[in-house]
Structure formats: structure tokens, C-alpha cells
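# Structural characterization, general
The chain contents come next:
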Amino acid sequence: MTVAEVLIALGSNVGDSLANLREATALLATKVELKAVSHVYETAPMYVTDQPAFLNAAVIANTRLSPMALLMTLKELEKQIGRERRVVNGPREIDLDLIAYGHLAYTFVEGKDLRLRVPHPRVAERRFVLQPLADVAPGFELPQIGVVALLLGQTEHQRNSVKKLEHALLPVPSLE
């Protein structure tokens, strides 16, 4: 299997969100080769707005895992950190989303269920994802969607809902 460059978004708004992001980053470093880790951002919830603010971040990494194997790894890490399934887009201990897998546009359907689509289909409308991605991969082209930095510019109307937390740092495990 060849090495693929991947973008992964992290989010949390239940429990100690910063600790959850830190644990997720450390665990990710055991599964993929982290290249860069974004700043942490406090973000207003979208879709289901009656819930606490989120902390969001992103990483760019290299992996030899297939898209589905990486998705399954992310779901296992969520369980390990203590994610409980609630309402869609609602509160969560940790959320690890595979945003992009190289320059691949990929859809995996199992039976009648959509299991995975990359790039993530709603990334272009989500400044809370694009802002951290712009820290680690501003020039990354999301197939059939666009370049991260340009997409970020199209979400200016959400600027006030995403605030960088200057002193909330995530570990950058041995980025050599």
C-alpha cells in the first residue's frame, strides 16, 4: 500500500474537551504519521445549536491504511476516548472525521448505507473545520471541492463563531 496524505478534523464539547483533543492527538500519533497539528479553536455549534461550544483542531498525516481501515481506526479511537452516541450533530466527547484522503474522491457504500465519503461532503460550509485545516494544509486541494484556503475565505460570515485559543496547545508527537 502506498502512503497517502490525510486530513483529520477533531472536535469535542463534552467533558474536558481540551484533554479529549490532546488524548486523540496522542492516540492518532500511534496509528498514523503526524506531519502537523493545528491550533485549537473554540467554535459555536452548527446544526444543533442548543449545546456547549466546541473545541476543534485538525491534523495532517501520512498513512498506509486504506480509507475504510482509517475510518474504522478513527471510530475505535473515539470509543477508546469515551464517545457516547447521542443525536446526530449533537454533543460529543470526541469526534474524529476523515476530511480528505490524498487527492482521492471516494465513496464507500455497504448495502444501502453510505459508510464513507471523502472529501467530507460538508467541509466547504464549515469554518470550524476549515480554520484548523488552514493551519496545517492551506494549499491542500480537496478533490471536486476546492483549495482549503480559498474555501476558508468563502466562510467569512462565520468568522465570529471560530476563535483561536492561544494557550490551548495540542501535543506535537515527534514530528521528525
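Throughout what follows, the structure given in this document is the object of discussion. (Residues numbered from 1 in each chain as written. Predicted model: local features only at pLDDT ≥ 70, side-chain atom pairs only at ≥ 80, totals over all residues. Heavy atoms only, no water.)

### A few points about the overall build of the chain
- Check the secondary structure of the chain and you find four helices and 10 strands.
- Helices (α) and strands (β) of the chain occur, in sequence order from the N terminus, as β-α-β-β-β-α-β-β-β-α-β-β-α-β.
- Here the C-alpha atoms of the chain give a radius of gyration of 15 Å, agreeing with the 16 Å that 2.2 N^0.38 yields for 176 residues.
- Seen along its three principal axes, the alpha-carbon backbone of the chain occupies a region of about 40 × 40 × 35 Å.
- Nonlocal contacts in the chain, meaning residues at least 24 apart in sequence, comprise 69% of its contacts between residues at least 6 apart.
- Of the accessible surface of the chain, which amounts to about 8800 Å², a share of 52% is contributed by carbon and sulfur atoms.
- Counting 19 positive and 20 negative side-chain charges, the chain places the averaged centre of each group 3 Å from the other. (Helix = DSSP H or I, 4+ residues; strand = E, 2+ residues; numbered from the N terminus. Rg over C-alpha atoms; globule rule 2.2 N^0.38 Å. Contact = heavy atoms within 4.5 Å. Areas by Shrake-Rupley, 256 points an atom, 1.4 Å probe, with all protein chains shown as cover. Lys, Arg positive; Asp, Glu negative; His and termini not counted. Charge placed at Lys NZ, Arg CZ, Asp CG, Glu CD.)

### Some details on the pattern of salt bridges
- Tallying each qualifying case throughout the model produces eight salt bridges.
- A salt bridge links Arg83 to Asp95; the nearest nitrogen and oxygen atoms lie 2.9 Å apart. Here Arg83 is found in the loop between helix H2 (67-81) and strand E5 (95-101), whereas its partner Asp95 is found in strand E5, with 12 residues between them in sequence.
- Under the relative-accessibility criterion, Arg83 is labelled buried at 19%.
- Looking at Asp95, the relative accessible area reads 11%, which means it is buried.
- For Glu156, the salt bridge is made with Arg159, and the minimal N-O distance between the two is 2.9 Å.
- Among the residues examined, Glu156 registers a relative accessible area of 37% and is labelled partly exposed.
- Through salt bridges with shared partners, a single network forms among Lys75, Glu78, Arg83, Arg92 and Asp95. (Salt bridge = Lys/Arg side-chain N within 4 Å of Asp/Glu carboxyl O. Buried < 20%, exposed > 50% of the residue type's maximum accessible area, 1.4 Å probe, protein only.)

### Some words on the environment of Val40
- The residue Val40 is located in strand E3 (residues 40-43) in this model.
- For Val40, the contacting residues outside a window of four places in its chain are Leu18, Leu21, Leu55, Asn56, Lys163, Lys164, Leu165, Ala168 and Leu170.

### Notes on the nonpolar core
- Leu28 and Leu98 are the most contacted members of the largest nonpolar core, which totals 31 residues.
- Listing elements by their share of this core, those giving two or more residues are strand E1 (4-12), helix H1 (17-28), strand E2 (33-37), strand E4 (54-63), H2, E5 and strand E7 (113-118).
- With six residues, the single largest contributor to this core is H2.
- Judged by nonpolar contacts, the second largest core, of 21 residues, contains Ile60, Ile99, Val123 and Ala134. (Core = buried A, V, L, I, M, F, W, Y, C linked by side-chain atoms within 4.5 Å.)

### What about the pairing of E7?
- In this structure, strand E6 (residues 106-110) lies alongside E7, joined through five bridges in antiparallel fashion. In the sheet register, Val109 faces E7, and the bridge partner there is Leu114. (Pairing = 2+ DSSP bridges.)

### Overview of the packing of H1 against H2
- Across the interface, H1 lies against H2 with an axial gap of 10 Å and an inter-helix angle of 135°. The angle between the axes of H1 and H2 places the two elements in the oblique class. The two elements H1 and H2 cross, and the hand of that crossing is right-handed. Across the interface between the two elements, Asn20, Glu23, Ala24, Leu27 and Leu28 from H1 touch Leu74, Leu77, Gln80 and Ile81 from H2.
- By residue class, the composition of the contact of H1 with H2 is six nonpolar, two polar and one charged. (Axes fitted to C-alpha atoms, helices over the stretch in contact; angles between N-to-C directions. Parallel < 35°, antiparallel > 145°, perpendicular 65-115°, else oblique. Left-handed = near helix turned anticlockwise from the far one by under 90°. Nonpolar A, V, L, I, M, F, W, Y, C, P; charged D, E, K, R; others polar.)

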